Amino acid sequence: MRPSMKAAFANLYYMKNIWLTLVCFFFLIGCSQHIERPSIVIEINHKALNQNTLTLSGSKIILIDSLTLPFYDYFQLIEEEDNSYLIGMNRQSVSLDFIPLGGNQPIRHLAFDDDGPGAISPDLDIFHYFGEDSIVTIQDRDNRLKVFNSDGELVNSYPKKIRDSKGMEMYTVAYSYLGQWPVFLDSVWILPVYPDLDVKSKGYYDRNKFMVFDPVNNEVLGEFGQYPGIYKGDNYFDILREPSLTHNSDCSFLVTFPADPSIYEYQLDQDSVIWHQYPTWNNFQNEGVKRDSDFQQFVNHYLTSAWFQQLTYDPFHHVYYRFAKEKQELRKANGEKKTAFEADWMVFILSEALDPIGFYSLDAVRFNPMFSFVTQEGLYIYDNQRANDDQMVFGVFELEDN
Amino acid sequence: MMTKWFLGYSNWKTISLLLLLVIFSCAENKKMESYPYQKDFQEYLKAIGAEIVTDEVILLPLDSCSLCVDQVLADLEYTKKVISVILSGNQVSNERLEKVKKLVKNENLKIHTDEGSKSKSYDLNAFSPILINTSKDNFSYVSISPQNSAAYLLE
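Everything numeric here is computed off the predicted structure, so don't read it as measured data. (Residues numbered from 1 in each chain as written. Chains lettered and ligands numbered in written order. Predicted model: local features only at pLDDT ≥ 70, side-chain atom pairs only at ≥ 80, totals over all residues. Heavy atoms only, no water.)

Trainee: Would you mind showing me how to read the packing of aromatic side chains here?
Mentor: Describing an aromatic ring pair means giving the distance of the ring centres and the angle of the ring planes. If you walk through the whole model with that rule in mind, you get 54 aromatic pairs over all chains. Here the aromatic rings of Y227 of chain A and Y231 of chain A are separated by 5.2 Å at their centres, their planes lie at 55°, and the arrangement is tilted. Both residues of the pair, Y227 of chain A and Y231 of chain A, count as buried. Arranged with centres 5.7 Å apart and planes meeting at 50°, the rings of Y44 of chain B and Y122 of chain B form a pair that is tilted. (Phe/Tyr/Trp six-rings, centres within 6.5 Å; stacked < 30°, edge-to-face > 60°. Buried < 20%, exposed > 50% of the residue type's maximum accessible area, 1.4 Å probe, protein only.)

Encoded structure:
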């Protein structure tokens, strides 16, 4: 055989292998239901229009019994028989407390077993009340999710295994006090997750933060919530790493990160992410600390630097509230260290299109932004000022034009 | 067969080597690192009026990591070591306070309380229990976890 013919056959053989590999590759891609979105980034720049603000219209005082806590870090709002209830995860008595927000209904306590298969851990990650006979609990490394009835009896348990598109096992989590919540839809659940990697390692930030989980088939259908570049550099953010997830009525999922002014908008059926940018909030961008810093150095940074808290959707006014902490000095004049709540806090108001349309300066020493929610009456924010121990108090804030 | 194997290798040299290995591994487990907050720590002691007469001091924020605190309290109940214990914390459950009360009768524990939670105003890097060795000019420290608590507090 002539050398050129030999080379041609070798090339053909080589090409055949490539084609075979490509066919196999596309076959595998086609078979896979697990989609790592998105690939297209659409950038939108937003300018601030300060037309709206909030006013403190009153206080909501709820009388509580001795089994109820005044403050819950993880909770859910439900409507049941024309009554609104706040369900709080009581980590002291390991129960769910059903607290009516109106009317004269008594507070109900759903206590779980202390031991055995029906027991749950005080540091439970996620619960969701679908209905009386369907209360789901999820613990991060537990490989089964549990379903309880309203008497606290275990009705069933189902296997749960969550792997990302790279095959790594991911564990469910909800840093609710940072505004990180799961979203439960009819057919899929959007669960915040973490990989079994050191949070200081760069590999931690190469993973998507939210998994689209099909509980019926115990299957991950997709994932989103990629860390922005600021988290992938040399600096470290400790708890300021955890993004919040906000769901609005348009089936958009908004992901925000404490260190980043941007908002990342995802839709489950789209291969794109809309990157909403806010140059006017650049002074809230957080630079983090050096990766080899100890926890003391991080805590001092946490107290002094600016960062964002959760983004909350108000379906009654079709606006969003974004909580943010300003920079502050570490110490008071007397040398004592300040707390994070002693900083100036802002509640930014955003339109449905995510344009900033106003703001409110929040007294966070009095009103705790880490326990807040929206009802038809307004934005409820936990009020530290209460006359008696048997009270749970909220400030009720209403949206108004400037 | 097993006995023969064991006898064949249980000479003094082998035992010595094993002992050395055990000591080495313990020393590795009990490694402490330089404490960069020595100056703040000394100012903190003055602020709470605590005079330290022991080589080891444990800073015990009672409202921190539950598993760590509970393990430290359990180990301090049985320790024979002479250690200073500085208790701090704002919101402490009654159950935990009862465990603390039990420690008072241990004469080898020199207990001090930081009643105004002054620790929060000092850079101490003590957001969970830490053990500080003050025996040398340059202090060293280690974070105490449920995994290493017994090694530092009981042995």
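Trainee: Teacher, can you tell me more about the interface of chain B and chain A here?
Mentor: Many analyses report the size of an interface as the accessible area lost when the parts associate. If you look at the interface, chain B gives 10 residues, while chain A gives 9 residues. The tally of links from chain B across to chain A stands at 1 salt bridge. The partner of K337 of chain A in a salt bridge is D123 of chain B, and the shortest N-O contact between them spans 2.4 Å. Where chain B meets chain A, there are 8 residue pairs in polar contact (both at pLDDT 80 or more). Looking at the side of chain B that touches chain A residue by residue, the class counts come to 5 nonpolar, 2 polar and 3 charged. (Contact = heavy atoms within 4.5 Å. Salt bridge = Lys/Arg side-chain N within 4 Å of Asp/Glu carboxyl O. Polar contact = N/O pair within 3.5 Å; in protein donor to acceptor, adjacent residues only side chain to side chain. Nonpolar A, V, L, I, M, F, W, Y, C, P; charged D, E, K, R; others polar.)

Trainee: What's the story with the state of the cysteines in this structure? I'm lost.
Mentor: Working definition: the covalent bond between the sulfur atoms of two cysteines is a disulfide. Residues and elements named next belong to chain B. Counted according to the given criterion, the structure contains 1 disulfide over all chains. C65 shares a disulfide with C68; S-S distance 2.2 Å. The disulfide joining C65 to C68 has a torsion of about 75° about its S-S bond and is therefore right-handed. Relative accessible area serves as the criterion here: at 9%, C68 is assigned to the buried category. (Disulfide = S-S within 2.5 Å.)

Trainee: What should I look at first to understand the side chain of N148 of chain B in this one?
Mentor: Residue and element names in this part refer to chain B. Looking at where N148 falls in the secondary structure, it is placed in the loop between β6 (140-143) and α6 (149-153). We classify N148 as buried; its relative accessible area is 17%. Residues within four places of N148 in sequence aside, it is in contact with V142 and S143. (Helix = DSSP H or I, 4+ residues; strand = E, 2+ residues; numbered from the N terminus.)

Trainee: Just to check I follow, could you spell out empty space enclosed by the protein for this structure?
Mentor: One way to see where empty space is left: roll a probe the size of a water molecule over the atoms. For the structure shown, the criterion picks out 3 cavities of 30 Å³ or more. Looking at the second largest cavity, its volume works out to about 40 Å³. Residues that form the lining of the second largest cavity fall into these classes: 3 nonpolar, 1 polar and 6 charged. (1 Å grid on protein atoms, 1.4 Å probe; cavity = no way out; pocket = protein on both sides within 12 Å on 5 of 7 lines; lining within 4 Å. Points joined across faces, edges and corners; volume = space filled by probe spheres on them.)

Trainee: Please clarify how unusual backbone geometry should be interpreted in this entry.
Mentor: Keep in mind that most residues, glycine aside, have a negative phi and that most peptide bonds are trans. All names here are of chain A. Positive phi, close to 65°, is recorded for D82, a residue that is not glycine. Summarising the element assignment, D82 is placed in the loop between β4 (75-80) and β5 (83-90). Note on D82: relative accessible area 80%, which makes it exposed. Of note, N218 is a non-glycine position whose phi angle comes to about 50°, a positive value.

Trainee: Just checking my understanding: could you explain the sheet that holds strand β7 (residues 108-111) of chain A for this structure?
Mentor: Adjacent strands of a sheet pair through backbone hydrogen bonds, lying either parallel or antiparallel. All names here are of chain A. Here we have 4 strands laid out as an open sheet, ordered β4-β5-β6-β7, and antiparallel in their pairing. The open sheet has two edge strands, β4 and β7, and neither has a second partner. Each neighbouring strand pair of the sheet contributes to a mean axis angle of 25°, computed without reference to strand direction. When strand β6 (residues 95-100) meets β7, the two strands line up antiparallel, connected through 4 bridges. Its bridge partner being in β7, L96 is matched across the sheet by L110. (Pairing = 2+ DSSP bridges. Axes fitted to C-alpha atoms, helices over the stretch in contact; angles between N-to-C directions.)

Trainee: It is not clear to me how the environment of A74 of chain B should be interpreted in this structure. Could you clarify?
Mentor: Position of A74 of chain B relative to the elements: it lies in helix α4 (residues 66-78). On a C-alpha basis, the gap between A74 of chain B and V100 of chain B in space is 9.5 Å, while along the polypeptide they are 26 residues apart.

Trainee: What should I look at first to understand the pairing of β6 of chain A in this one?
Mentor: Consecutive side chains along a regular strand alternate between the two faces of the sheet. Residues and elements named next belong to chain A. A large share of β6 lies buried, amounting to 6 of its 6 residues. Sheet analysis places β5 next to β6, joined by 6 bridges and oriented antiparallel. Among the inter-strand pairings, N90 is bridged to a residue of β6, identified as S95. What sits between the antiparallel neighbours β5 and β6 is a turn of 4 residues, in which V94 has the positive phi angle 50°.

Trainee: Explain the confidence of the model for chain B to me, please; I cannot follow it from the model alone.
Mentor: Detailed reading of predicted coordinates is not advised where the pLDDT is low. All names here are of chain B. Looking at chain B as a whole, the pLDDT averages 83, with 81% of positions reaching at least 70. Looking across chain B, the model is least confident in helix α1 (residues 2-9), with a mean pLDDT of 34, and most confident in strand β5 (residues 130-133), with 97. In this model residues 1-28 is a low-confidence stretch, pLDDT under 50, and it forms 2 contacts with partners more than four residues away in sequence or in other chains. (pLDDT = per-residue confidence, 0-100.)

Trainee: How should helix α3 (residues 38-48) of chain B be read in this particular structure?
Mentor: Side chains of residues three or four places apart in an α-helix project in the same direction, reflecting 3.6 residues per turn. Residue and element names in this part refer to chain B. Of all the residues in α3, the buried ones are Q38, D40, F41, Y44, L45 and I48. On an axial view of α3, the arc spanned by its buried residues comes to 155°, and they lie on one face. When the buried face of α3 is taken as reference, the exposed residues oriented beyond 90 degrees from it are K39 and K46. Buried residues along α3 sit against β2 (56-61), β3 (83-88) and β5. Of the residues trailing α3, G49 is marked for its positive phi of about 65°. (Arc of directions from axis to C-beta.)

Trainee: Got a minute to help me understand a negative patch on the surface in this structure?
Mentor: Together, E79, E81, D82, D113, D114, D115, E132, D133, D151 and E153 of chain A give the surface a local cluster of negative charge. With a relative accessible area of 61%, E79 of chain A lands in the exposed category. (Patch = residues over 30% accessible without salt bridge, like charges linked within 9 Å, V, L, I, M, F, W, Y side chains within 5 Å. Areas by Shrake-Rupley, 256 points an atom, 1.4 Å probe, with all protein chains shown as cover. Lys, Arg positive; Asp, Glu negative; His and termini not counted. Charge placed at Lys NZ, Arg CZ, Asp CG, Glu CD.)

Trainee: Would you take a moment to explain the environment of F139 of chain B for this structure?
Mentor: All names here are of chain B. Positionally, F139 belongs in the loop between β5 and β6. A relative accessible area of 9% means that F139 is categorised as buried. Sequence spacing of F139 and K39 is 100 residues, and the spatial spacing of their C-alpha atoms is 9.9 Å. Dropping the residues within four chain positions of it, F139 is found in contact with E33, S34, Y35, Q38, F41, Q42, I132, N133 and T134.

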